[in-house]
Amino acid sequence: MQILNQRRTTGALLLTALCTAPIAAQDVLVQASKIVVAFGAGETKSTTLADSALLIRDGKIAFVGADIPPEARRAARVVDYGTATISPGFVLAATTLGRDVDLGEGAIAFTPDLRTAEAFDPWLEQLEQLAPAGVTAFGLTPSARNVAGGIGAVGKPGKDRGRLLAAEVFVGFSVSRTARNQERQPTSLMGAHQMLRESFTEARDGIKIGPDLAVLRQVMSGQRPAFFYADTFAELNAVLEIGASFNFAPIILGGSESDRVLQKLATRGAGVVLNTLNPSMRLAELELPAKLTKAGIAFCFAGRPDQLRLSAALAVRHGLDRSTANAALTRTPATILGQQANIGALRSGCGADFVVFEGDLLDLGARHVATWIDGKLAHGTLAHSKLAHRTGPNSKPQTNISGGR
Amino acid sequence: MNHSLLRIAIACTTIAAPALSQDLVAIKAKTIHTITGPSIEDGVILLQNGRIQTIGKAADVTIPWSAKVIDASDKVVMPTYVLAHSNGGMRGANESMQNVPWLSVADAIDPASSYFEEMLRNGVGTIHVLPGNNTLMAGSGMVVRPFGRTVEDMTVADNTGMKLSLLTGNGSRLQKIREMRRAIAAVREYLADYEREKAEFEKEQAAGAIPADKKWEKEIDRKQKAAVELIEKKMKGWLYVPSFAELDEALRMSKDLDLNMVLGANLDEAMPLLAKLKQPVVLDSTIEYFETDPETRKEEQHCSARMLADAGVPFALSLGAGGPTSYPWWQIGTCMRNGLSKQQALEALTMVPAKMLGLDDQVGSLAVGKLGNIQILSGDPTSATSWVDTVVLEGEVVYERSKDPRLKYLFEAAEKAAEPQAPKASDNSKKGEGQ
Amino acid sequence: MTPLLRTAALLRTATLTLALGALAAAQDGVTAYTNATILPGGKPAMSNATMVVSGGKVIALGGADLKLPDGANVVDCKGKTITPGLIDASFQSGNNTQDLNEQSDEVTPNLRVLDSIDPEDPRFARARNAGVTTVHVMPGTRNVIGGLGCVLKTHGTDPKAMVIKEDASMRIVMGSEPSSGNRAIRGGRVNSMYYRRPTTRMGVIWEVRRAFYDAKEAMTKTQGAPGDAPASPGTQVLMEVLQGKVTAVTTARSEQDLRTALRIADEFGYQTVIDEAQDAYMVADELAGKKAVVMLGSPSAEGVGGSAGRDGAAPRAGTVAVLAAKGITFVITTGTNPAALPLINEAMFAVRNGLGPQQALDAVTIEPAKLLGLSDRIGSLAPGKDADFVIWSQHPLDPAAVAESVLINGQSVSQPR
């Protein structure tokens, strides 16, 4: 407890220090030989800029590349990553940050109106693992233990503490094995399915009212995305049936057998958040990203943050195109979480959340140089070590940086 | 080997006493499956003093007036089945200690066990009883007939071999293999020590240090005797190989020991090794099994009997302790479903096990001079509706279905139900006759 | 044009115009299976017979003189035997029985086993490859009233598409199974949902009685005052059972449980099928009197050497013959025996135990079809019926028989052995 308090105090002091600095002085110009504004095949404009820069103001991207006004460029502090590539930070679509205890109400399995935001601890140790893995935003889901777990939030890690970006974003459901335990209703998939069927019917027909059913109505009206933990065929089938009966497009969490319901997923417009991949998985699971993409189903990854890059690389090895793989780490999860205006890309107005890699990030040998979150360095170094000898007119000794060109 | 009957037979021939009338039995049959020769329609078998004296077409055989006639002229006659490996009929088939080569099943066989009754009901006449599969070096087995009040009554041959097993219990597979190697090495060490000591004694005797008339008196330790015989290849080993994974080690062991292998069902991974088996093997009672492909999660059905047949290795079938595999006709049917011939399947329950036991001159087929171990079936031995009606062991009727109390118990309700509605019952009350 | 040809042409046109996707894809015209021994189900065997299949249906059945439609594919089945696809009226699906029992309540009449079906469950493939084309799946046996069963064909990728009858039955379980694991509250902390009723056989019956009592009560209410709140979904199912709209299936093994099953059905006035009736031979007269249909689970387990009595039952091999002699309608199933043989072999054991072969085959084809109310579609081979059939290497009750080809809706669904 003592240590925890101490940590909080230090953090708080640091935060105060940063906040009191003059706003104008906070403009930062980050340069690199390549900047990827957004990944994904759906982009119309060319999204990769060569020898370009980002201007960060108030923790957000203010201008990108040629749009940066010259005066702002001159006034800004410069961070130059030289030959490295800057791309949007990774978005971990779903996580409980290892705090299932706090995020799964044990007594009953039907708690759709609980809010994960209220169990979010910005000082949680697990948050510290995110920036080193390149993760700059995450969906905070209820635990998979409850059939209707509650309302999920979107949060961000930081150098010292995390913060919530949006408190009420999606609704977390589960029909997976963990939601069916022998302690309370339901103990079986039949029971879980029936529980969902009955409560959605009650919500739709207005048989009963209450805050819990109001949340289900938000799902049916499309106001909130619905996330469902489901892995096996029967579980996926249950979710898709509920989706079809009550006319919404579920987002599947897990979905290790989703290759068996591709057609139904596509028809329903469902998305899939796969577990992070590793080489010991069955071939069928490693091929899932490519199969889902071919069927026109959006997917991304959740699970172990340190295996996000590995997952994307394995997906590429098993037939996925690189652009979709990169998007699955960034733009796709941002869209699935309905936060595409804030995260997952480096457009003006988005949070200044990005990762710096020496080389292609799908090349597992590429060095992870830095992670920035909200315009601040959260992991890695401010400068590219190879550029230490370079100097230029904008060089500012106090920033420990060699300047631009 | 201890053939009680063989001795009687020899005694009879030497004394050359005239055959007693009660020793002469004639069996009239619709069909005789001899196994080794062609089948005989409308045949007769004459048994004298427990042995087959004549076998042939009814037209060619004169039945002596003194013969006791068993009329099976609408039935199928064939040799009783032979089981080369069984753990049944014992009280406690598995010793909890792992290395107990000095034990013998003679001390565990319970003549009153319902297992022997069940075997007779199934037409089995010769059973090689061995210790269970849970013990590393488990003791020696014996061949019995499933009839008799005492173990001595039942005995056909004793000390028929040492049961060894590579079945993994709690430990790892590798540990089991290591234990087996150590156990065998320990016996070799003991034998080497014993022989060195004996050589030294002889050397010293030759040198005059020990009086010339003194004899070497030390015998091999009773606890080691059976194991030493195994090492010296004076005794056969019956090695249980639970799966493909132990087959390699089993093949290595068979280079140094005289081994018969008893194979578990799961063999599909060892297909290339199977062809290396030179000797006939015994198969576990489970010969058909499913395996799931971990990648596709699809099941595939395999049949170990089929695999061995494909590899050209002769095999003997076993019967399970309960359930369908305890019925010979089901085991035969399983072989046939998997593409084996009826003859192949029948041999796997007769001639092949008889040869493995070294009793092929006594049992396993119907031929002149062999023991009169005969089963009379209501129909074809491969049919589900055939029942064993009579079992004759060494010329003596030891089982009659009409007097089987267990069957009476199981079917009495059906018989009672069928009585008042005689016309309707005609279809239902037929226990098995034809389809 | 002969009537047959006209039928064929009509059917083909119908198939095209209705564009029944699956059927049209399955059927490239007409196929004739000739020279076969056909055991059509419910009728005597036909030797040297021909069956014509089109559009997923049987369109003609006849002797060697049957005129084949022009352009029909001919499959010579010389030496083979054709039977209807087998129907397993009590088939256990799911590797995990946990998902077949909703244990949070002892009485869950409205839960649907269909919600837990996985078409790639290897049991379906096993059954299919052994000639079973239709199965009746029920919830597990751990609840007093487990829920609704459904009837499925054994081939498909989507349970909804495989189903041919939803809500086909409601399972009630007698005996000790529903109470096992439950504990009475005797002070102390209640830290598990298993501190509950029933803990005895009496308690099990009490649960059944209470459930049906509530349903009867609800029925009178809804009849009397239309403004009443609708009954709970579970009670609604029980009401349908009482009205005879949903078949009650009572799992009862021992004599005691069999009598109780009949008594409680009498008490509330519903007709029940008796499942797993191991001791049926002891109550044969009562079963005959009540015209109760009996499901015999896994006769192979009641073999001569076995002692497969469960829950206090003392099964006898002669049971099948007793039921046949007493004129009791019965079907043979694999039931809840985890070591059950393929259904055809279960029928084979029934024949060994004294049943006539025709009756044994009927007990896995036309009888279960009747029991499930589907005999107009499945269970026998006749014009207009689903083309679900099996081509056997020899008479199917021979232990050496192999299902060489299994067809559902005229389409081959089995893997070569």
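## Re the overall build of chain A
Move 1: Scanning chain A for helices and strands turns up 12 helices and 16 strands.
Move 2: Residue burial in chain A is summarised as follows: out of 405 residues, 52% are buried.
Move 3: Residue pairs at least 24 apart in sequence account for 68% of intrachain contacts in chain A once pairs closer than 6 positions are excluded.

## Focus on the interface of chain B and chain C
Move 1: On the side of chain C, 33 residues touch chain B, which itself brings 34 residues to the contact.
Move 2: Counting residues per element, the ones that place at least two in the side of chain B that touches chain C are helix 2 (114–121), helix 9 (328–337), helix 12 (405–418) and helix 13 (422–425) of chain B.
Move 3: Tallied by class, residues from the side of chain B that touches chain C come to 13 nonpolar, 13 polar and eight charged.

## What about unusual backbone geometry?
Move 1: A cis amide bond links A:Q185 to the next residue, A:P186, at an omega of -5 degrees.
Move 2: Phi at A:N247 is positive, roughly 55 degrees, even though this residue is not glycine.
Move 3: Along the polypeptide, A:N247 turns up in the loop between helix 6 (233–245) and strand 11 (250–254).
Move 4: Unlike most non-glycine residues, B:E394 shows phi in positive territory, near 50 degrees.
Move 5: With 23 C-beta atoms counted inside 10 Å, the residue B:E394 sits in the buried group.

## Some thoughts on the sheet that holds strand 13 (residues 330–333) of chain C
Residues and elements named next belong to chain C.
Move 1: Read from one edge of the open sheet, eight strands run 6-7-8-9-10-11-12-13, paired in mixed fashion. Each end of this open sheet is capped by a strand with a single partner; those strands are strand 6 (86–91) and strand 13. The sheet shows a mean angle of 25 degrees between the axes of neighbouring strands, direction not considered.
Move 2: Here strand 6 runs beside strand 7 (residues 132–137); their pairing, made up of four bridges, is parallel. The partner of D88 across the bridge, within strand 7, is V135.

## Some thoughts on the sheet that holds strand 15 (residues 374–377) of chain B
The strands making up a sheet associate through backbone hydrogen bonding, with each pair oriented either parallel or antiparallel.
All names here are of chain B.
Move 1: Spatially, 3-2-1-4-15-16-17 is the arrangement adopted by the seven strands of the open sheet, whose pairing is mixed. Each of the sheet's edge strands pairs with one partner strand only, and the pair in question is strand 3 (51–57) and strand 17 (396–400). In this sheet, neighbouring strand axes are inclined to one another by 35 degrees on average, regardless of whether the strands run parallel or antiparallel.
Move 2: Where strand 1 (residues 24–32) lies against strand 4 (residues 68–79), seven bridges are found, and the strand directions are parallel. Looking at strand 4, one finds that A29 is bridged to A72.

## What to know about the interface of chain A and chain C
Move 1: Listed per partner, the contact involves 19 residues of chain A and 23 residues of chain C.
Move 2: The element best represented in the side of chain A that touches chain C is helix 4 (residues 189–205) of chain A, accounting for six residues.
Move 3: Counted by class, the side of chain A that touches chain C contains six nonpolar, nine polar and four charged residues.

## Regarding the confidence of the model for chain A
Residues and elements named next belong to chain A.
Move 1: Looking at chain A, the pLDDT average stands at 87 and 87% of residues meet or exceed 70.
Move 2: Taken together, the stretch residues 1–24 has pLDDT below 50 and engages in seven contacts with residues farther than four places along the chain or on a different chain.
Move 3: Segment residues 385–405: pLDDT under 50, and 37 contacts once partners within four positions in sequence are set aside and those in other chains are kept.

## Considerations on the packing of helix 4 (residues 173–207) of chain B against helix 5 (residues 222–231) of chain B
Residue and element names in this part refer to chain B.
Move 1: Between helix 4 and helix 5, whose axes approach to 10 Å, the crossing angle comes to 95 degrees. Taken together, the axes of helix 4 and helix 5 are roughly perpendicular relative to one another. Two secondary-structure elements touch here, helix 4 through V187, R188, Y190 and L191 and helix 5 through Q224, A227, V228 and I231.
Move 2: Here the contact of helix 4 with helix 5 is composed, by residue class, of six nonpolar, one polar and one charged.

## Some points on the pairing of strand 16 (residues 376–380) of chain A
Residue and element names in this part refer to chain A.
Move 1: Direction of pairing for strand 15 (residues 367–373) relative to strand 16: antiparallel, over a ladder of four bridges. Directly across from I373, in strand 16, lies its bridge partner K376.
Move 2: The antiparallel pairing of strand 15 with strand 16 creates a hairpin that spans two residues between the two strands, and D374 there sits at a positive phi of about 50 degrees.

## Examining helix 10 (residues 343–352) of chain C
All names here are of chain C.
Move 1: Counted residue by residue, helix 10 has 10 buried out of 10 residues, so it is predominantly covered.
Move 2: Residues of helix 10 that are buried include every one of L343, I344, N345, E346, A347, M348, F349, A350, V351 and R352, and no others.
Move 3: Among the structural elements, strand 6, strand 7, helix 9 (319–325), strand 13 and helix 11 (357–362) are those in contact with the buried residues of helix 10.
Move 4: Backbone geometry just downstream of helix 10 places G354 in the positive-phi region, at approximately 115 degrees.

## Comments concerning helix 11 (residues 322–329) of chain A
Move 1: Among the eight residues of helix 11 of chain A, six are classified as buried, and the element is accordingly described as predominantly covered.
Move 2: Inspection of helix 11 of chain A places A:T324, A:A325, A:N326, A:A327, A:A328 and A:L329 among the buried residues, and these make up the whole buried set.

Conventions we followed
Residues numbered from 1 in each chain as written. Chains lettered and ligands numbered in written order. Predicted model: local features only at pLDDT ≥ 70, side-chain atom pairs only at ≥ 80, totals over all residues. Helix = DSSP H or I, 4+ residues; strand = E, 2+ residues; numbered from the N terminus. Buried ≥ 20, exposed ≤ 12 C-beta atoms within 10 Å, placed from the backbone. Contact = placed C-beta atoms within 7 Å. Nonpolar A, V, L, I, M, F, W, Y, C, P; charged D, E, K, R; others polar. Pairing = 2+ DSSP bridges. Axes fitted to C-alpha atoms, helices over the stretch in contact; angles between N-to-C directions. pLDDT = per-residue confidence, 0-100. Parallel < 35°, antiparallel > 145°, perpendicular 65-115°, else oblique.

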